Amino acid sequence: MDNESIPKHIAFIMDGNGRWAKARHMPRKYGHKHGVDAMKRVIAACASIGIEIISIYAFSTENWSRPQDEIDELFKLVKRFADKELVEYAKDNYQVRFMGDLRRLPDDVRLSLDKISDAVKDNSGTIINIGLNYGSRDEIVRAVNSLISSGRDSVSVSDINAALDTCDLCDPDIIVRASGEKRLSNFMLWQAAYSEFIFIDDYWPDFTEETVNRIISEYRSRDRRYGGLKKA
Ligand code: FPP
């Protein structure tokens, strides 16, 4: 693949873990566990083709309305992921970032996130950007409040860009949603201004390297004009 057709930043809305489990007469947590395996497969596939930034929507500001035992299970998986992947990700030169307001996360989870961040802090490779207690509206409100408290009385697009959780990342070239649902659900609304949307019918736990290849070939067929005219 030539460099131009490889997106720099791809973002994933993982969806359908619950339905995947239900179709197998299994509890929802079984779907989430397999969702983590799919996430690792997708990250490895994206990194291997040279995608520089992979964003993942893991827990939204709205997900707190789920039953407490499901929330506990999700954070258990997040903690286990951070604890387990720390050594591997440090060795494989991955960078790890988080977006969202992490202050509301359980203390033990935050500690594990700090540990993995510390373990990879000198790395320079693929960036994994994970949304936890992330909601785009909340992110924009936090950004605007931080600009107000810095004393601005008017702001520019670049001021807002610089105050977002994604301040040092380029906007996603592609936003992928699993499970056939076609909405953004409060994910990267500001950053999605010129993203290509790709909707995949498969439930998230079924995502593989082959799904990533399909996404990239769909992306290559798109004509990105950014409000301008088609290139001659
Ligand atoms: C969507 O499926 C999945 C989620 C909202 C949670 C995804 C989070 C994890 C798998 C936790 C692990 C995260 C990391 C970073 C290791 P759904 O439950 O909405 O599925 P449904 O629409 O079929 O019910």
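Computed from a predicted structure; not experimentally measured.

Describing the sheet that holds strand β1 (residues 9-13)
Working step 1: A sheet is described by the order of its strands in space; here six strands give the open sequence β3-β4-β2-β1-β5-β6, paired in parallel fashion. The sheet is open, and its two edges are formed by β3 (95-99) and β6 (196-199), each paired on a single side. For this sheet, the mean angle separating the axes of adjacent strands, direction not counted, is 20 degrees.

Considerations on the site of the ligand
Working step 1: For the ligand, the set of nearby residues contains 17 residues, the closest of which are D15, G18, R19, R28 and R66.
Working step 2: Between an oxygen atom of the ligand and a main-chain N or O atom of G16, the distance comes to 3.3 Å.
Working step 3: One nitrogen or oxygen atom from the side chain of R28 is found 2.7 Å from an oxygen atom belonging to the ligand.
Working step 4: Protein chains shield 92% of the accessible area of the ligand, which is 620 Å² for the free molecule.
Working step 5: Listed by contribution, the elements that provide at least two residues to the shell around the ligand are α1 (17-22), α2 (28-48) and α3 (68-91).
Working step 6: With four residues, α2 is the largest single contributor of residues to the shell around the ligand.
Working step 7: Per-class residue counts for the shell around the ligand are eight nonpolar, five polar and four charged.

Observations concerning the side chain of D101
Working step 1: Turning to its location among the elements, D101 is positioned in the loop between β3 and α4 (107-119).
Working step 2: In terms of polar contacts, D101 uses its side chain to reach the side chain of R103, at 2.8 Å.

Describing the packing of aromatic side chains
Working step 1: Enumeration over the complete set of coordinates arrives at 13 aromatic pairs.
Working step 2: Aromatic pair W20 and Y30: ring centres 5.6 Å apart, planes at 25 degrees, arrangement stacked. Pair noted here: W20 is in helix α1 and Y30 is in helix α2, with a separation of 10 residues, a long-range link.
Working step 3: For Y30, a relative accessible area of 28% gives the class partly exposed.
Working step 4: Each ring, one from Y134 and one from F187, has its centre 6.1 Å from the other, and the planes form 80 degrees; the classification is edge-to-face. Here the residue Y134 occupies a position in strand β4 (residues 127-134), and F187 occupies one in the loop between β5 (174-177) and β6, the gap between them amounting to 53 residues. Each member of the pair, Y134 together with F187, is buried.
Working step 5: Chaining the aromatic ring pairs together yields one cluster made of F12, W204 and F207.
Working step 6: Lying across the ring of W20, R24 places its NZ or CZ 4.0 Å from the centre.
Working step 7: Between R104 and the ring centre of W64, over which it is positioned, the NZ or CZ distance is 4.1 Å.

Examining helix α5 (residues 136-149)
Working step 1: Spanning 14 residues, α5 covers 20 Å between terminal C-alpha atoms, matching the ideal 20 Å at 1.5 Å per step.
Working step 2: Residues of α5 that are buried: S136, E139, A143 and L147. Along the axis of α5, the buried residues cluster in a sector spanning 70 degrees; they form a single face. With respect to the buried face of α5, the exposed residues turned more than 90 degrees away are R137, I148 and S149.
Working step 3: With its phi angle positive at about 100 degrees, G151 sits one or two positions after the end of α5.

Notes on the nonpolar core
Working step 1: By size, the foremost hydrophobic cluster in this structure holds 46 residues, and its most contacted members are I10, F12, Y89, W204 and I215.
Working step 2: Among residues more than four places away in sequence, those in contact with Y89 are I43, F81, Y94, V96, I116, V120, N123 and I128.
Working step 3: Counting residues in each nonpolar core, the second largest holds nine residues, with A11, Y57, M188 and A192 among its members.

Observations regarding the environment of D165
Working step 1: Along the polypeptide, D165 turns up in the loop between α6 (157-163) and β5.
Working step 2: Counting along the chain gives 148 residues from D165 to N17, while the straight-line C-alpha distance between them is 26 Å.
Working step 3: For D165, the residues in contact, after removing those within four places along its chain, are M99, G100, Y134, E139 and R142.

Considerations on the pairing of β5
Working step 1: On β5, burial covers both faces: I174 and V176 on one face and I175 and R177 on the other are all buried.
Working step 2: Relative to β5, β1 runs parallel, the two sharing four bridges. Bridge assignment links I10 to a residue of β5, and that residue is I174.
Working step 3: Alignment of β5 against β6, held across four bridges, turns out to be parallel. Bridging from a neighbouring strand, R177 pairs with F199 of β6.

The rules behind these values
Along each chain, the written sequence defines residue order, and numbers are assigned to residues from 1. Given that this is a predicted model, residues contribute local features only at a pLDDT of at least 70 and side-chain atom pairs are listed and counted only at 80 or more, while totals for whole chains, interfaces and linings are drawn from all residues. Excluded from the side-chain calculations are hydrogens and water; all other atoms, namely the structure's heavy atoms, are used. Only strands that DSSP links by at least two bridges are regarded as paired with each other. A run of DSSP states H or I qualifies as a helix once it reaches four residues; a run of E qualifies as a strand once it reaches two. Both are numbered from the N-terminal end. Interaxial angle, 0 to 180 degrees, is taken between N-to-C directions of lines fitted to C-alpha atoms, where a helix line uses only the stretch in contact. For each residue, the test is whether any non-hydrogen atom lies within 4 Å of the molecule or strand; if one does, the residue is near. Between N or O atoms, a polar contact is any pair within 3.5 Å; within protein, one atom must be a potential hydrogen donor and the other a potential acceptor, and residues adjacent in sequence are included only when both atoms are from side chains. Computed with the Shrake-Rupley method and a 1.4 Å probe, the accessible areas treat only the protein chains shown as cover for residues. For this classification, the nonpolar set comprises Ala, Val, Leu, Ile, Met, Phe, Trp, Tyr, Cys and Pro, the charged set comprises Asp, Glu, Lys and Arg, and every other residue, Gly included, is treated as polar. Any pair of Phe, Tyr and Trp rings, taking the six-membered ring for Trp, is counted once the centres come within 6.5 Å. Such a pair is stacked with planes under 30 degrees apart, edge-to-face with planes over 60 apart, and tilted for the rest. Exposure classes here rest on a 1.4 Å probe applied to the protein chains alone. A residue is buried below 20% of its type maximum, exposed above 50%, and partly exposed in between. The criterion is that NZ of a Lys, or CZ of an Arg, lies within 6 Å of the ring centre and within 35 degrees of the ring normal, and then a charge sits over that ring. In this analysis, the expected span of each helix is defined as 1.5 Å times one less than the number of residues it contains. Taking the helix axis as origin, the arc is that swept by the directions to the C-beta atoms. Within this scheme, the nonpolar core is defined by two criteria: the residues are buried Ala, Val, Leu, Ile, Met, Phe, Trp, Tyr or Cys, and they are joined through side-chain atoms within 4.5 Å. Between two residues, a contact is recorded if the distance between any of their heavy atoms is within 4.5 Å.

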